[in-house]
Number of protein chains: 2
Amino acid sequence: MLKAVQILGWSSGLTIISQRLTKTRNSSSSSTISLKLSTFSSSPRRILSFIPTRMSSSQSGSDPLPKSQTFVSVQSSGDVRKIKFCQWCGGPTKHEIPDGEEKLRAICTHCGKIAYQNPKMVVGCLIVHEEKVLLCKRNIQPSHGLWTLPAGYLEVGESAAEGAMRETWEEAGATVEVISPFAQLDIPLIGQVKTYFTYVIFLARLKNLDFAPGPESIECRLFGLDEIPFDSLAFSSIYVTLNLYLEDLKKGKVKFHYDVVNGFTYGLFILRPGSSPSDIRAFTLDYHLQP
Amino acid sequence: MLKAVQILGWSSGLTIISQRLTKTRNSSSSSTISLKLSTFSSSPRRILSFIPTRMSSSQSGSDPLPKSQTFVSVQSSGDVRKIKFCQWCGGPTKHEIPDGEEKLRAICTHCGKIAYQNPKMVVGCLIVHEEKVLLCKRNIQPSHGLWTLPAGYLEVGESAAEGAMRETWEEAGATVEVISPFAQLDIPLIGQVKTYFTYVIFLARLKNLDFAPGPESIECRLFGLDEIPFDSLAFSSIYVTLNLYLEDLKKGKVKFHYDVVNGFTYGLFILRPGSSPSDIRAFTLDYHLQP
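Values in this document were obtained by computation on a predicted structure and should not be read as measured data.

## Examining the pairing of strand S8 (residues 105-108) of chain B
Residue and element names in this part refer to chain B. Side chains of S8 alternate between two faces, with Arg105 and Ile107 and Ala106 and Cys108 buried alike. In terms of strand pairing, strand S7 (residues 93-96) meets S8 through four bridges, oriented antiparallel. Of the residues in S8, the one forming a bridge with Glu96 is Arg105. Here S8 runs beside strand S9 (residues 114-115); their pairing, made up of two bridges, is antiparallel. Each residue of the ladder has a partner; that of Ala106, found in S9, is Ala115. Connecting the antiparallel pair S8 and S9 is a turn made up of five residues, with Gly112 showing a positive phi of about 80°.

Spelled out as structure tokens, the structure:
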């Protein structure tokens, strides 16, 4: 079990992170995971953690809201104690560690079922066309008016590649061919309990030049690699992804990346660049791993 | 939206899959995703899809079962219509497509919250030590007595790398250092509704030679690369992962792999190799993509 994250060093554009691994079964032995360095050519910016949202017609209250009112529905917190009823039978839950497990779970006191919580996966495409990348200007909160890659929550009935293509179609009206996996970014969200988003990005290419903003986008545009609006990006995940790609191009080889992106979050809400409170060096890359 | 999966060709050790992508917004245009070929050097085997399980002290019934009885708790089916009550307030749900969305959701008729379902992620380690790999013989169903990589469900409070190390510790008593991402396998499970497991495997190395089976393992052993018990592997995911690794070694370069592993499933249950009904060529690799 990982017990602590310790920042060993910090400088502009360079972060060094060490994680101490402590055995829970045998307290006498411990080990330190080796360090990985990550440098970005551009200076750190006010880019914070990324929670995509799902649009919903209702949020809370004793009655569903009228259809004309559309709100952003924030995802559940991951706090197991907030699960008070069984989804299947409606019985009240108790919160215990089941036999053979190590984590607190919500267990139905009527039917005995356990409500497991699964991490959220976000899938998207980094679409490259003639040395340009396709970005979408967001028409929804958070980060309304800022630029992002087409990406969104993976649904249970689709593969990651299918989900990335669906999101690209929904947000950019673009039909793409997935070329290769490009990055997995694990992004922790610090609320009452810590939860992670797993963000899977594929490199993709346009099948044709027919693209147009969907309801969640104001505009979709191809940006030259030297025109990317780094000051107007919606989320740290997008900033990291685009920087990794530009760095790969400089090195002449596009590779797969695994990163833990530790960003700044404020409660359960996402802060867009320039929001307050924020820190200009608001994320660190831990575990920058490549094959 | 992906409308159909069509098997174009089939031969021993070689599968060719095409997926037809049909636009839902504009029915006049469609495109076909390019084909990828995948060959395995060894012959296909009776290896089927992989559902890991969580141990639980109770499964169903009007009262929780005694602690001494331990059952395997099958995960929820992903069928949104089975969500009949709100986890947070206990109110009855209705099943509708919310404004701005395209999928049927369970929406609470009291508090208006939407019960989103998230795909399940499994994380694990391919541990390499002096040209040997560490495998665990399963002490639990399914596939009791068969060999697997240490792997299990990712929890909401951990990164994929942390989860893979935790599972390795729990199942093999081994402290490992994660070296690099190795594979993402998306594995569909065909029940009443189709759901996917996302299976993320890291290459890892032992920090020391202290390893021992945890409660879910009978035995843990290092196997030479020519000694891997391919006839006694627990799941298709393990078969695929080990074959990809051996093929990479032959080519002299270990890379990251993204695959959709379409396996044979029987209802919600996993069939281990040799089970019936089964097919000796029981899985296909779609979207074999690499950076």
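What follows picks up the thread again.
## Side note on the sheet that holds S7 of chain B
Here we have three strands laid out as an open sheet, ordered S7-S8-S9 (chain B), and antiparallel in their pairing. Single-partner strands in this sheet number two, and they are S7 and S9 of chain B.

## Side note on the environment of Thr168 of chain B
All names here are of chain B. By the secondary structure assignment, Thr168 is in helix H1 (residues 160-172). Along the backbone, Thr168 and Cys136 are 32 residues apart, and their C-alpha atoms lie at a distance of 9.7 Å. Among all residues touching Thr168, those that are not within four sequence positions of it are Cys125, Ile127, Pro150, Gly173, Ala174 and Val176.

## As for the packing of aromatic side chains
A ring pair, where both rings are aromatic, is described by two values, the distance of the centres and the angle of the planes. What the rule picks out here adds up to eleven aromatic pairs over all chains. Geometrically, the ring pair formed by Phe202 of chain A and Tyr258 of chain B is edge-to-face, given 4.9 Å between the ring centres and 80° between the ring planes. Linking Phe202 of chain A in strand S15 (residues 194-206) with Tyr258 of chain B in strand S17 (residues 257-263), this pair reaches from one chain into another. Accessibility assignment for this pair places Phe202 of chain A and Tyr258 of chain B in one class, buried. Ring plane angle 80° and centroid distance 5.7 Å describe the contact between Phe230 of chain B and Tyr239 of chain B, whose orientation is recorded as edge-to-face. Accessibility classification places Phe230 of chain B together with Tyr239 of chain B in one group, the buried group.

## Regarding the environment of Met121 of chain B
Mapped onto the secondary structure, Met121 of chain B falls in strand S10 (residues 120-129). Met121 of chain B sits in the buried class, given a relative accessible area of 1%. The sequence separation of Met121 of chain B and Tyr153 of chain B amounts to 32 residues, and the corresponding C-alpha distance is 5.8 Å. When neighbours within four sequence positions are excluded, Met121 of chain B is seen to be in contact with Met121, Gln184 and Thr198 of chain A together with Gly152, Tyr153, Leu154, Thr198 and Val200 of chain B.

## Considering the sheet that holds strand S8 (residues 105-108) of chain A
Across the sheet, three strands lie side by side as S7-S8-S9 (chain A); this open sheet has antiparallel pairing. Each having just a single partner strand, strand S7 (93-96) and strand S9 (114-115) of chain A make up the two edges of the open sheet.

Quick notes on the rules
Residues numbered from 1 in each chain as written. Chains lettered and ligands numbered in written order. Predicted model: local features only at pLDDT ≥ 70, side-chain atom pairs only at ≥ 80, totals over all residues. Heavy atoms only, no water. Buried < 20%, exposed > 50% of the residue type's maximum accessible area, 1.4 Å probe, protein only. Helix = DSSP H or I, 4+ residues; strand = E, 2+ residues; numbered from the N terminus. Pairing = 2+ DSSP bridges. Contact = heavy atoms within 4.5 Å. Phe/Tyr/Trp six-rings, centres within 6.5 Å; stacked < 30°, edge-to-face > 60°.

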